[in-house]
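Examining the three-dimensional arrangement
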Amino acid sequence: MDFSYPADVEAFRTEVQEFLTEHVTDAVLEEVDTGTVHSDDLHKAMAAKGWLSGAVPTELGGGGMSPLKMSVLIEELQLFRAPIDAMGVAIGMASIILELGNDFLKGEVVPRLLSGDALGAFGYSEPESGSDVAAAQTKAVRDGDEWVINGQKMWTTMAHVADYVILLTRTNPDVPKHKGLTFFIVPLDSPGIEIQPVWTMGYERSNATFYDEVRLDDKWRLGDVDGGWNVMKTALKFERGIAGGQFYSPPLIDATIDWATDAPAPDGGAMIDDPGLRESLVRAMIDVEVCRCFAQKTAYLADTGAPFGVEGSMTKLFASETFKKHSHWFMDAMGPDGLVKRVEGDGPHVAFVEETFRHAPVTTIYGGTSEINRNMVAEAHLGLPRARR
Amino acid sequence: MRLEMTDDEIAVQEVFAGFFADQCPPDAVREAADLGHSPDLWKRLAEMGAPGMAVAVEHGGGGATLSDLAVVAAEAGRRLAPVPLIEHAVAVRGLIATDPGHDAVADLVAGDRIATLALRAAIEGEARLVPGGAVADVVLGLADGALVVGGDAAPGAAQANTGDLALANRTLGDGQTLAAAGETEWRRMVSEWQALTAVGLTGLAQEALSLGTTYAMEREQFGVPVGSFQAVQHGFANVATSLEGAVFLAHKAVWALDSGNADADRLAAMAFLFAGETAQACAAASLQYHGGYGYAEEYDIQLYYRQAKARTLVLGPPSAEYRRLADVVLAPDSTEGAAA
């Protein structure tokens with residue numbers, strides 16, 4: 001095997017690092033600290049670099065950035081603690097529309113998403129359906145050339161700053177659940193939409209969105225009526241293709257080392273010389289190295305056109321589970337110091353381990369829970385039958 | 001970048017997968033348990049050219065890369081082959097690197113004599129519990145900072161041990177000095193051993209996992225295969241995921257050594273530690289899902305459970321290796337922070 005990156009990808013990495021050094025300022029990190037995991041300046045600057053349109057497949061009219069470069073971009077973004085949610089939604093939503101959408105959506109929505117002028121949000125989950133996404137109950141009923149939408153979505157992160165939500169609705173309640181779903185792109189300024197904040201224990205803002213007699217022209221429909229499950233499969237394909245999340249732990253490790261370098265140990269010296277902490281740090285670094293291998297392999301498979309769904313599931317499972325574990329290790333290493341929260345005026349580098357502890361449980365749940373990913377590994381990788389529960 | 005095996009490597013894999021499946025069934029592993037070594041298997045491996053395959057052609061070897069040898073190491077690990085193939089290969093390479101004219105070289109490259117490496121520095125001239133030490137004619141090791149090749153004869157008997165390995169104490173104190181300040185040369189051999197052993201452990205783990213999932217689909221309880229229960233599936237999925245990562249990391253370490261990458265030593269230690277833990281976890285999960293038969297002597301999974309532990313511990317306590325690695329990656333002037 002040969003793990004070296006091609007010269008053009010290495011050059012791209014350098015370009016990304018230079019860009020992020022300039023653009024991911026403390027001001028950006030403080031903006032993210034408000035709970036809305038987004039910086040409009042950074043997002044638009046990335047769009048201006050062509051990195052949003054670049055990630056859309058060539059055959060869909062995008063720049064066709066290779067999955068390898070895409071993985072390098074996401075890796076560097078994570079290492080710099082840059083917010084990546086808006087980028088992921090923009091690329092994902094634009095790609096789905098370009099593959100399955102009508103000419104109106106392609107002309108109206110896609111250019112705005114890829115230039116960074118408009119933001120998107122995912123509207124899949126509901127109060128009563130998360131992993132079982134096909135059980136969505138939000139109703140869309142046809143009325144002439146229009147649709148009338150009623151229902152509620154949960155975890156509509158970014159909706160309060162976004163322009164469009166990609167909405168999964170039920171258009172036929174009388175058929176098996178996968179066969180009665182239809183997707184729409186819904187402008188979030190449509191009358192009848194209400195957005196309420198849902199705050200996480202990590203002080204991140206998500207939303208619950210309510211749809212009350214929201215009327216929508218048929219041109220906003222994405223894909224066939226009752227063909228929503230096909231759209232969902234395409235959406236998941238793009239989501240995996242741009243899946244980030246392999247490099248959660250490095251900033252946590254760095255923050256712990258920073259703390260330990262100065263923190264006094266109970267029996268003299270600095271905590272960085274504590275043998276137990278040193279072993280934990282090395283274990284975490286090894287996990288990161290494994291994540292790096294997973295990320296590279298997944299991107300390599302995507303690059304060569306091979307299926308990478310299993311590797312994607314493994315990557316997400318391993319990276320998020322180890323990250324959560326590391327967050328406990330390093331909180332524990334800090335003892336009561338680890339409990340101290342960041343307060344107004346501290347800046348974004350104080351109490352990062354504490355912040356990470358509150359954020360980490362999100363990662364084993366959103367974008368495919370660990371349990372769903374274990375099902376995938378058991379069935380698709382190990383060839384075990386559909387599980388008895 | 002190429003993250004899959006070459007056609008040549010696939011050909012080597014097919015040959016040695018067949019070889020070990022034929023020549024090293026579980027019965028052969030059990031028969032070799034007392035000595036931890038099968039002279040017959042070693043002889044056949046020598047006929048295949050395996051002991052010297054990763055030695056340069058000008059020294060009579062096969063001129064193969066460590067990556068090629070790793071393919072064989074994986075298949076040997078898969079069948080728990082009771083031969084010191086990895087120890088021999090890295091010791092011979094180390095001997096040639098420091099003393100290419102040594103009079104044992106020709107015999108060693110041919111596999112007519114066996115070499116090994118003491119993975120821990122000798123204390124007062126004695127290297128303790130050396131892998132392959134029960135049968136090796138030539139032992140390389142570190143004694144008082146010098147790289148030496150030991151002179152005493154193979155004891156021909158192993159210290160009885162958990163993994164049925166050919167462990168024995170060997171005297172290095174009166175050996176021949178290959179390098180007076182030999183830590184760098186010794187470390188290079190240990191790194192090669194770690195990377196190749198990591199690959200071997202992933203082969204062991206893959207077979208352990210396969211034994212477990214196969215059994216879980218055959219064994220029925222409550223009227224259905226136990227492998228259809230989600231609790232069992234998720235246990236397998238966790239270790240299978242770690243194993244996939246261990247395979248990539250082990251091959252990355254071998255690649256780094258082959259290509260002279262500056263991170264090679266660090267990656268080799270990381271790959272070894274992760275593969276050791278993962279192999280033990282795979283064997284433990286598979287044993288658990290065997291139920292009572294898992295600890296029955298006549299079932300094979302217990303061999304994998306014991307050997308995963310033993311093949312990891314021969315280097316020393318893992319926590320000592322984690323802390324040695326910490327001194328490398330957390331050194332004040334290190335540029336190898338997590339984000340580097």
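Residues numbered from 1 in each chain as written. Chains lettered and ligands numbered in written order. Predicted model: local features only at pLDDT ≥ 70, side-chain atom pairs only at ≥ 80, totals over all residues.

Moving on to the pairing of strand 4 (residues 146–150) of chain B. Residues and elements named next belong to chain B. Taking burial as the measure, the 5 residues of strand 4 include 4 buried ones, the bulk of the element. Linkage of strand 3 (residues 138–143) to strand 4, two consecutive antiparallel strands, is achieved through a turn of 2 residues, within which aspartate 144 is found at a positive phi near 50 degrees. Direction of pairing for strand 4 relative to strand 6 (residues 176–179): antiparallel, over a ladder of 3 bridges. Of the residues in strand 6, the one forming a bridge with leucine 147 is alanine 179. (Buried ≥ 20, exposed ≤ 12 C-beta atoms within 10 Å, placed from the backbone. Helix = DSSP H or I, 4+ residues; strand = E, 2+ residues; numbered from the N terminus. Pairing = 2+ DSSP bridges.)

A few words now on helix 14 (residues 370–381) of chain A. For helix 14 of chain A, spanning 12 residues, the distance from its first C-alpha to its last is 15 Å, which sits close to the expected 16 Å at 1.5 Å a residue. Turning to helix 14 of chain A, its buried residues are Ser370, Asn373, Arg374, Asn375, Val377 and Ala378 of chain A. Contact partners of the buried residues in helix 14 of chain A: helix 12 (309–334) of chain A together with helix 8 (230–258) of chain B. Immediately beyond the C-terminal end of helix 14 of chain A, within one or two residues, lies glycine 383 of chain A, with a positive phi of roughly 70 degrees. (Expected span 1.5 Å × (residues − 1). Contact = placed C-beta atoms within 7 Å.)

Residues and elements named next belong to chain A. Within strand 5 (residues 181–187), 6 of the 7 residues are buried, which leaves it mostly tucked inside the rest of the structure. In the sheet, strand 4 (residues 164–170) pairs with strand 5 via 7 bridges, with the strands oriented antiparallel. In the strand pairing of strand 5, arginine 170 is matched with leucine 181.

With that settled, consider the interface of chain A and chain B. Of the residues lining the interface, 41 residues belong to chain A; the matching set on chain B comes to 38 residues. Secondary-structure elements contributing two or more residues to the side of chain A that touches chain B are helix 10 (249–262), helix 11 (275–303), helix 12 and helix 14 of chain A. The residue inventory of the side of chain A that touches chain B, partitioned by class, reads 28 nonpolar, 3 polar and 10 charged. (Nonpolar A, V, L, I, M, F, W, Y, C, P; charged D, E, K, R; others polar.)

To continue, consider the domain arrangement of chain B. Residue and element names in this part refer to chain B. When the domains of chain B are assigned, the result is domain 1 (7–181) and domain 2 (185–329). Its C-alpha centre places domain 1 at a distance of 21 Å from the equivalent point of domain 2. Domain 1 puts 34 residues into the contact, and the matching count from domain 2 is 34 residues. Breaking the side of domain 1 that touches domain 2 down by element, the ones donating at least two residues are helix 2 (26–31), helix 4 (66–78), helix 5 (85–98) and strand 3. Among the elements that line the side of domain 1 that touches domain 2, the one with the most residues is helix 4, at 10 residues. Looking at the side of domain 1 that touches domain 2, its residues break down into 21 nonpolar, 8 polar and 5 charged. (Domains from an automatic or database assignment.)

Another point: the domain arrangement of chain A. Residue and element names in this part refer to chain A. Looking at the assigned domains, one finds that chain A contains domain 1 (7–114), domain 2 (120–231) and domain 3 (243–381). Each of domain 1 and domain 2 has a C-alpha centre, and these two points are 24 Å apart. Across the boundary between the two partners, domain 1 contributes 18 residues, which contact 17 residues of domain 2. For the side of domain 1 that touches domain 2, the elements supplying multiple residues, two or more each, are helix 6 (85–100) and helix 7 (103–108). The element contributing the most residues to the side of domain 1 that touches domain 2 is helix 6, with 8 residues.

A word on helix 3 (residues 40–48) of chain A. Residues and elements named next belong to chain A. All of the buried residues in helix 3 are Leu42, His43, Met46 and Ala47. The buried residues of helix 3 all sit within an arc of 140 degrees when viewed along its axis, so they share a single face. Where the residues of helix 3 are buried, they touch helix 1 (7–23), helix 2 (26–32), helix 4 (51–54), helix 6 and helix 8 (110–114). Of the residues trailing helix 3, glycine 50 is marked for its positive phi of about 85 degrees. (Arc of directions from axis to C-beta.)

Turning our attention to the nonpolar core. Ala90 of chain A together with Ala195, Leu196, Ala250, Ala253 and Ala271 of chain B are the most contacted members of the largest nonpolar core, which has 241 residues in total. The biggest single contributor to this core is helix 9 (residues 264–288) of chain B, with 17 residues. (Core = buried A, V, L, I, M, F, W, Y, C linked by C-beta atoms within 7 Å.)

Right, let's get into the environment of serine 125 of chain A. All names here are of chain A. Along the chain, serine 125 turns up in the loop between strand 1 (120–123) and strand 2 (139–143). Using a count of 21 C-beta atoms within 10 Å as the deciding quantity, one classes serine 125 as buried. Other than its neighbours up to four places away in sequence, serine 125 contacts Gly130, Lys153, Met154 and Trp155.

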